[in-house]
Amino acid sequence: MGKMEANSTLDNKITIEVVYGTPTSQKIVETIVDAETTIEEAIKASGIMAIYPEIDLAVNNVGIWNRAAKLTDTLVDLDRIEIYRPLIADPKEVRKRRAEKAKEEGRANKITGGRVKPL
């Protein structure tokens, strides 16, 4: 079954992964935890917070297999917990600044904000 083999349910243990990445590195920690462990308990048990001390579970959102989740959600075998970094800038504000710059540079109509048609 590859690297992550499903554990027997008889021993009441499951194998999960905890993932965190920065712009320059990514870490995947495979951990064996008790069945019905919460996301928060699994993150702490994985030791990933010692590798990345900037992780703050009060700030960072989490997900399982790219779906938003809560720290209190329980895990099943082979779940992959992803810890997301907070956004640096508000996406709406970034788009607004980019549109203003386009108007100033003549790439957008100063009144409507639409693209200027090339002649």
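What you are looking at is a predicted structure, and each value in this text was computed from that prediction instead of being measured. (Residues numbered from 1 in each chain as written. Predicted model: local features only at pLDDT ≥ 70, side-chain atom pairs only at ≥ 80, totals over all residues. Heavy atoms only, no water.)

Draft legend 1. Region of interest: the side chain of Glu-82. Its location among the elements puts Glu-82 in strand 5 (residues 80-83). In terms of polar contacts, Glu-82 uses its side chain to reach the backbone amide nitrogen of Asn-66, at 2.8 Å. Engagement of the side chain of Glu-82 in a polar contact is seen with the side chain of Tyr-84, the distance being 2.6 Å. (Helix = DSSP H or I, 4+ residues; strand = E, 2+ residues; numbered from the N terminus. Polar contact = N/O pair within 3.5 Å; in protein donor to acceptor, adjacent residues only side chain to side chain.)

Draft legend 2. Inspection of the environment of Tyr-84 at higher detail. Examined against the element boundaries, Tyr-84 turns out to sit in the loop between strand 5 and helix 3 (91-104). Judged by relative accessible area, Tyr-84 falls into the partly exposed class, the value being 28%. A sequence separation of 16 residues divides Tyr-84 from Ala-68, and the C-alpha atoms of the two residues are 9.8 Å apart. When neighbours within four sequence positions are excluded, Tyr-84 is seen to be in contact with Asn-60, Asn-61, Val-62, Gly-63, Asn-66 and Arg-67. (Buried < 20%, exposed > 50% of the residue type's maximum accessible area, 1.4 Å probe, protein only. Contact = heavy atoms within 4.5 Å.)

Draft legend 3. Spotlight on the sheet that holds strand 1 (residues 13-21). The five strands are arranged 2-1-5-3-4 in an open sheet whose pairing can be described as mixed. Of all the strands in the sheet, just strand 2 (26-34) and strand 4 (67-69) have a single pairing partner and so form its edges. This sheet shows a mean twist of 30 degrees between the axes of neighbouring strands, independent of strand direction. Taken together, the three bridges between strand 3 (residues 62-64) and strand 4 define a ladder with antiparallel strand orientation. The residue bridging Ile-64 from the neighbouring strand is Arg-67, located in strand 4. Here helix 1 (residues 39-46) sits on the sheet and contacts strand 1, strand 2, strand 3, strand 4 and strand 5; the angle it forms with strand 2, its principal contact strand, is near 115 degrees. (Pairing = 2+ DSSP bridges. Axes fitted to C-alpha atoms, helices over the stretch in contact; angles between N-to-C directions.)

Draft legend 4. Quick peek at the pairing of strand 5. Residues Arg-80 and Glu-82 line one face of strand 5 and the alternating positions Ile-81 and Ile-83 line the opposite face, and both faces are buried. Where strand 1 and strand 5 come together, four bridges link them in parallel fashion. Within strand 5, the position partnered with Val-18 by the bridge is Ile-81.

Draft legend 5. How the structure looks around the nonpolar core. In terms of nonpolar packing, the biggest core is built from 20 residues, with Ile-16, Ile-39, Ile-43, Ile-48, Leu-75, Ile-81 and Ile-83 touching the most fellow members. Of all the secondary structure elements, the ones that give two or more residues to this core are strand 1, strand 2, helix 1, strand 3 and strand 5. The greatest single-element share of this core, amounting to four residues, is contributed by strand 1. Apart from the residues within four sequence positions on either side, Leu-75 is in contact with Ile-14, Ile-16, Glu-36, Thr-37, Thr-38, Ile-39, Ala-42, Ile-64 and Ile-81. (Core = buried A, V, L, I, M, F, W, Y, C linked by side-chain atoms within 4.5 Å.)

Draft legend 6. Molecular detail of the pairing of strand 1. Burial runs high along strand 1: seven of the nine residues are buried. Two strands pair when backbone bridges link them, and strand 1 and strand 2 are joined in this way by nine bridges, in the antiparallel orientation. Counted as the bridge partner of Ile-14 is Val-33 from strand 2. Counted between consecutive antiparallel strands, the loop separating strand 1 from strand 2 contains four residues.

Draft legend 7. Local environment of the pattern of salt bridges. Taken as a whole and assessed by the stated rule, the structure comprises three salt bridges. For Lys-44, the salt bridge goes to Glu-40, with nearest N and O atoms at 3.2 Å. A residue pair is termed a helical-turn pair when its members lie 3 or 4 positions apart in one helix, as Lys-44 and Glu-40 do in helix 1 at four residues. (Salt bridge = Lys/Arg side-chain N within 4 Å of Asp/Glu carboxyl O.)

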